[in-house]
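Here are the chains, one letter per residue:
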Amino acid sequence: MSMRKKLVIAIDGPAGAGKSTLAARLAQKLGYINLESGAMYRALALKALASGVGLEDEAALLALAQGSRIELQPASDGNRVRLDGRDVSQRIREPDVTDAASKLSVHPGVRAWMVARQREMGAQGGIIMEGRDIGTKVFPDAEVKIFLDAAPEVRGDRRFRQKPDGSLPPEAVIAELRERDRRDRTRAASPLVPAPDAVIIDSTDMTIDEVMARAEAITAARQKQKAATH
Ligand code: DC
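**Observations regarding the sheet that holds strand β6 (residues 127–131)**
- Spatially, β2-β6-β1-β7-β8 is the arrangement adopted by the 5 strands of the open sheet, whose pairing is parallel. This sheet does not close on itself; its edge strands, each paired only once, are β2 (33–36) and β8 (199–202). In this sheet, adjacent strand axes meet at a mean angle of 20° when their direction is disregarded.
- Packing against the sheet, helix α1 (residues 19–30) makes contact with β1 (8–12), β2, β6 and β7 (144–149), and its axis sits at approximately 180° to β6.

**Remarks on the site of the ligand**
- The local shell around the ligand holds 15 residues, among which Arg-42, Arg-111, Arg-132, Asp-133 and Arg-180 are the closest.
- Side-chain polar atom of Asp-133 to a nitrogen atom of the ligand: 2.8 Å apart, as the coordinates give it.
- Here an oxygen atom of the ligand and a side-chain polar atom of Arg-187 are 2.9 Å apart.
- Compared with its free state, where it exposes 440 Å², the ligand has 97% of that area covered by protein.
- In terms of residue count, helix α2 (residues 37–51) provides more of the shell around the ligand than any other element does, 4 residues in total.
- In terms of residue class, the shell around the ligand is built from 3 nonpolar, 5 polar and 7 charged.

**Observations regarding the packing of α1 against helix α9 (residues 208–229)**
- Between α1 and α9, the least distance of the axes is 10 Å, while the angle of their chain directions is 50°. In terms of orientation, α1 and α9 fall into the oblique class. In this structure, the crossing between α1 and α9 has a hand that is right-handed. Contact residues: α1 offers Thr-21, Leu-22, Arg-25, Leu-26, Lys-29 and Leu-30, while α9 offers Ile-208, Asp-209, Val-211, Met-212, Ala-215, Glu-216, Thr-219 and Gln-223.
- Residues of the contact of α1 with α9, tallied by class, amount to 7 nonpolar, 3 polar and 4 charged.

Rules of the game
Residues numbered from 1 in each chain as written. Predicted model: local features only at pLDDT ≥ 70, side-chain atom pairs only at ≥ 80, totals over all residues. Heavy atoms only, no water. Pairing = 2+ DSSP bridges. Helix = DSSP H or I, 4+ residues; strand = E, 2+ residues; numbered from the N terminus. Axes fitted to C-alpha atoms, helices over the stretch in contact; angles between N-to-C directions. Contact = heavy atoms within 4.5 Å. Near = heavy atom within 4 Å. Polar contact = N/O pair within 3.5 Å; in protein donor to acceptor, adjacent residues only side chain to side chain. Areas by Shrake-Rupley, 256 points an atom, 1.4 Å probe, with all protein chains shown as cover. Nonpolar A, V, L, I, M, F, W, Y, C, P; charged D, E, K, R; others polar. Parallel < 35°, antiparallel > 145°, perpendicular 65-115°, else oblique. Left-handed = near helix turned anticlockwise from the far one by under 90°.

So this is what it looks like as structure tokens:
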């Protein structure tokens, strides 16, 4: 019988650091499920925009969340996202939703609702969840915590290459990332910070294969430790 325990792996970091790519590849390798917590904030943001709920109105946003069904379905290239049964995977990546998600994620009540849903999703272990507060708030006991970072210029450049739709020049993409970073890092509720026990990987000068190798090594070491202590 395999002694391999199903772990919880938390990957946090700023936008464009490569979290989703790493999470998807690691999940495929380990046979785990990868869950993008940011997609949940995005889905709620889309609903708020569509229903005219103000992004400052915490009570109304919370009520909106409570009446919503947000489902994440792992796929090889990320998550398919369903909002109240409708596939919104593409729509939630648009700039207006990106901006709205960043704004509504400052509210403690909204965050508490999200965290509760995310804990339910990860209760069985064998998951990789990525976001901003996974290692600090959602799964503070996660066996593996990775904080993936990279210089803003590099993150902006990667984002631009992912979606060179021509509508935004690279400088605008970098400016948008910096603004979201500022909001994520300075908000009072669960700001983006590495957990004290997170391994920080700065991927500025690394390829995805190198990042993957680091993450695999960290995970293998933890699996071994767990097997030894049962
Ligand atoms: O990871 P992402 O870019 O899809 O996240 C969208 C927004 O959601 C991001 O600006 C901050 C917020 N977010 C958060 O506050 N906490 C998380 N765990 C994940 C995302």
